[in-house]
Amino acid sequence: MGALVTLDLPDDSPMLGLPWIITFGPLDDVDEWEPVVCGPYERPHALALAESVVAEEQFMAVVEPLVPALSPDEIRGEIAAARIAASDESARIEASDLYGDFDDVIDEELEAAAEVDERAGARPAPDEAELRAGFARIAELLTERGR
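Please read these numbers as outputs of a predicted model, since none were measured by experiment.

Colleague: Just to check I follow, could you spell out the pattern of salt bridges for this structure?
Modeller: Two side chains with opposite charge may pair up if their charged atoms get near one another. A full pass over the atoms with the stated rule returns four salt bridges. Glu51 is the partner of Arg123 in a salt bridge, and the nearest nitrogen-oxygen pair spans 3.0 Å. Within this pair, whereas Arg123 is found in the loop between α3 (102-120) and α4 (128-144), its partner Glu51 is found in helix α1 (residues 43-54), the two being separated by 72 residues in sequence. Put simply, Arg76 and Asp73 hold a salt bridge, and the shortest N to O gap is 3.0 Å.

Spelled out as structure tokens, the structure:
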């Protein structure tokens, strides 16, 4: 079994409505091959496809939103936001040393998440018709954005 990585978002997050991509890559350093990027998909389809593939293979799948930007300034804004989030995360990790080993907390959270995933089981992969319908909705979303 491989590994699936994605964002844990609140139910009302606007990111849930964005198109999502899947990046498949080797799970460890022993295998060396270029990652394969697939999508865009709607989030539930991306998660189900990724789960289906990593359930049978020793791959890592990263499911993440695809942020459609309409200008260089929007891209710069997304980059700035990512940098701020990374510096906030670094500060949070540094501050965690005051309260113990942050890695232990992460390990416990990952173990708890794995237990939940095992109980829920993998979602069935969407069929071609479902994916094509999702592509149509994504195309509509992207062409209507910014109007």
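Colleague: Mind showing me how you'd approach the environment of Ile21 here?
Modeller: Residue position: Ile21 is located in strand β2 (residues 20-26). For the pair Ile21 and Pro40, spaced 19 residues apart in sequence, the C-alpha separation works out to 4.9 Å. Those residues in contact with Ile21 that sit more than four places away from it in its chain are Val37, Cys38, Gly39, Pro40, Val62, Val63, Glu64 and Leu66.

Colleague: It is not clear to me how the nonpolar core should be interpreted in this structure. Could you clarify?
Modeller: Note on soluble globular proteins: their nonpolar side chains tend to be buried together. Counting residues in each nonpolar core, the largest one holds 14 residues, and the members touching the most others are Trp20, Ile22, Tyr41, Ala46, Ala61 and Val63. When contributions to this core are tallied by element, the ones reaching two or more residues are β2, α1 and β4 (59-65). Top contributing element to this core by residue count: α1, with five residues. For Tyr41, the contacting residues outside a window of four places in its chain are Leu18, Pro19, Trp20, Ile22, Ala46, Leu49, Leu131, Phe135 and Ile138.

Thresholds, definitions, all that
Residues numbered from 1 in each chain as written. Predicted model: local features only at pLDDT ≥ 70, side-chain atom pairs only at ≥ 80, totals over all residues. Heavy atoms only, no water. Salt bridge = Lys/Arg side-chain N within 4 Å of Asp/Glu carboxyl O. Helix = DSSP H or I, 4+ residues; strand = E, 2+ residues; numbered from the N terminus. Contact = heavy atoms within 4.5 Å. Core = buried A, V, L, I, M, F, W, Y, C linked by side-chain atoms within 4.5 Å. Buried < 20%, exposed > 50% of the residue type's maximum accessible area, 1.4 Å probe, protein only.

Structural measurements only, silent on function.
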